[in-house]
Amino acid sequence: MSAREEIDLDAVPVRRLNRLLQGRDSARQAGSFDVLNPRGRHALAAGLVDPIDVVIHGHAGYYCAGMNQQARVTVAGNAGTGVAENMMSGEVRVHGDASQSAGAAGWGGLLAIGGDASARCGISMKGIEIVVGGSVGHMTGFMAQAGCLVVCGDAGAAFGDSIYEAELYVLGEVETLGADCVEKDMDDRHVARIGELLGRAGFAADASAFRRYGSARQLYHFRIDNAAAY
Amino acid sequence: MTGDRPPRASATFPPHVIAEIHRAAGQGIYSIRGGGARRPLPNFDDLVFLGASVSRYPLEGYRERCGTDVTIGTRFAGKPVTLKIPITIAGMSFGALSANAKRALGLGASAAGTSTTTGDGGMTEEEREASDILVYQYLPSRYGMTPDQLRRADAIEVVIGQGAKPGGGGMLLGQKVSERVAGMRVLPPGIDQRSASRHPDWTGPDDLEIKIRELREITDWEKPVYVKVGATRTGYDVGLAVKAGADAVVVDGMQGGTAATQDVFIEDVGIPTLPAVRMAVDALKELDMHRKVQLIVSGGIRTGADVAKALALGADAVSIGVAALMALNCNAPLWPEDYAALGVSPGHCDQCQTGRCPVGITTQDPVLERRLDPEEGGRRVRNYLATLAMECQMLARACGKSHVHNLEPEDLAALTLEAAAMARVPLAGTDWIPGWSR
Ligand code: SF4
């Protein structure tokens, strides 16, 4: 197994880090990297395309692992706004909390957040799988189109507002449901899906105790009867 | 007793207002349509050029060179884009437009040496292949947005708003959400699709700066990043876009078209293109960024004269949308019975939202789409772009300029008080700029 490579952001600019991780100067398609002293810098490990391992030792700023493809990125700290936004594939793990818009517009891959996620987690998600060990803030799952969001704690106000076809699961309390989001029945397939996602995220919880939410599909067409919801 | 007095129409309730009240009372929901503002607005027609004579001498038409090229992205981009003419094709989505229409625009723009632009829903293979220079819109919905497409683009346009609906999100009614369109957007086919009006992962200028930096990191700092705004508080918006690190700013006035938006948005939100150009140029000059951050102006550009006037006021380039569709035969009297089925006639059509475009432009219906031959459409777009460029060049030569960018406000006079005040050029025959000079 090849040795891990260390990049100290106190010595190297983010531009160099990303060029290295994006493999722009080499034909490398694998490798393991430790990023030291991130100090909340933005766009760390953004735009990765290869199945590499990256561990960020500390807190990351906005858009960490943005638009990730294939890479496995771990933030051993907290992550700022838009972690793993528009992720296509791969895995992004945040040991601490994530700020707002975690996994926004993501198409695929797994985003696992050990702590809480702030407002708009999974907004406009398009297929990504998100597992949150703690709670999520208001407007989580807003306009969520596809994919799956599992919340082991509570969900803030207007959960799943204007949702399309994404699946949402919550273990704790939901403060309020957003427009067109309703609770749905759970069956064995749903329990199995939650169990599988919890397993991949590495979080322990009773999969059968979750509740499922999704679209009532009442806002899919403009109608006068829905005027109050627009 | 009214006797035989001729009827007097109410200025408060003219026929179109009465008709709208009747429609609203019947349907109970706002009216949605395509196109741009229909109301009369101060516009480029209200300005004229002061051609050269004794105090200035003109350049010889066809003999003396008058450049039309423009380079966009010189501020930060590693690979700026150079256009042969200062007229680009504005962002219009596959979905709103047919695949044939997108391809025709790409072919026409490429033949004319300029760029075309994607729209909500991402990039299609047809338009990438047909477009030598393709600007990729980065929109609030992020429909179809993938990093691979971002990397395949020649420039990135972060869309904050558009002239037809500043502050509003996109709309695509169910009849146009075909299997292919729905698949690209990850939505159920046939739904009335609403796009978000705010980006999902940033708000405000400080976030925008970080977002632009992320886009640059992902694309290796190569691509010019444009920021597009609908014209409202244009001075502030342009200044903040510059502060956020934009290479270029696109300002879209309220005459700018849309494929589907609430009528009240189109008619009652935003300011006309004329004052917006001037406000944008003022903001750039104040920041010492004029000609360093390029300004692209759109909204109601129809002729080479409009292009030349926008450039004279300080724009680096213009962008056309509706006019380019007209070059593809929008509103041409070709299928009158199909216009009639939409309740309109050629010349008055704004029914893009229906997906039943009689000439195959704004439709996903395979039968209608076949009415637009992309090769022939591409030729028509090229011809139209070439005409605009030649007209613009001719006017610049008449003002003695060896490049269209040498046109300046001093070459213009205004025909109306409103235009004089908005564009800040003197009323013809005076040195008076209302609100600015005595
Ligand atoms: S002709 Fe087609 S493109 Fe033109 S306004 Fe009518 S529907 Fe829209």
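Residues numbered from 1 in each chain as written. Chains lettered and ligands numbered in written order. Predicted model: local features only at pLDDT ≥ 70, side-chain atom pairs only at ≥ 80, totals over all residues.

A. How the structure looks around the overall build of chain B. Each helix and strand in chain B was counted, giving 15 helices and 16 strands. The globule rule puts the C-alpha radius of gyration for 438 residues at 22 Å, and the 22 Å found for chain B is close to it. Projected onto its principal axes, the C-alpha positions of chain B cover 75 × 60 × 45 Å. Within chain B, residue pairs in contact and separated by at least 24 positions form 68% of the contacts whose partners lie at least 6 positions apart. (Helix = DSSP H or I, 4+ residues; strand = E, 2+ residues; numbered from the N terminus. Rg over C-alpha atoms; globule rule 2.2 N^0.38 Å. Contact = placed C-beta atoms within 7 Å.)

B. Looking closely at the confidence of the model for chain B. In this model, chain B carries an average pLDDT of 94, and 99% of its residues clear a pLDDT of 70 or more. Both scores are available for the predicted complex, with the pTM at 0.95 and the ipTM at 0.95. (pLDDT = per-residue confidence, 0-100.)

C. Structural view of the sheet that holds strand 2 (residues 32-36) of chain A. Residues and elements named next belong to chain A. Spatially, the eleven strands line up as an open sheet ordered 1-2-3-4-5-6-7-8-9-11-10, and their pairing is mixed. Edge strands, defined here as strands with exactly one partner in the open sheet, are strand 1 (5-8) and strand 10 (181-184). Across the sheet, the axes of successive neighbouring strands diverge by a mean angle of 15°, strand direction being ignored. (Pairing = 2+ DSSP bridges. Axes fitted to C-alpha atoms, helices over the stretch in contact; angles between N-to-C directions.)

D. Layout of the interface of chain A and chain B. With 36 residues of chain A at the interface, the matching set in chain B holds 22 residues. Of all the secondary structure elements, the ones that give two or more residues to the side of chain A that touches chain B are helix 1 (14-21) and strand 7 (126-132) of chain A. Split into classes, the residues belonging to the side of chain A that touches chain B amount to 18 nonpolar, 13 polar and five charged. (Nonpolar A, V, L, I, M, F, W, Y, C, P; charged D, E, K, R; others polar.)

E. Representation of the sheet that holds strand 11 (residues 225-230) of chain B. Residue and element names in this part refer to chain B. With respect to topology, eight strands assemble into an open sheet ordered 5-15-14-12-11-8-7-6, the strand pairing being parallel. Bordering the open sheet on either side are strand 5 (87-89) and strand 6 (115-117), each of which pairs with just one other strand. On average, each strand axis in the sheet is tilted by 25° relative to the strand beside it, whichever way the strands run. Note: strand 8 (residues 155-159) against strand 11, four bridges, orientation parallel. Looking at the pairing, Glu-157 lines up with Tyr-226 of strand 11.

F. Inspection of the site of the ligand at higher detail. With respect to spatial proximity, 13 residues lie near the ligand, and among them Cys-330, Cys-349, Cys-352, Cys-357 and Ile-361 of chain B are the closest. Residues of the shell around the ligand, tallied by class, amount to eight nonpolar, four polar and one charged. (Near = placed C-beta within 6 Å.)

G. A look at the environment of Arg-291 of chain B. Structurally, Arg-291 of chain B can be placed in the loop between helix 9 (273-286) and strand 14 (294-298). A C-alpha to C-alpha distance of 14 Å links Arg-291 of chain B and Val-81 of chain B, two positions 210 residues apart in sequence.

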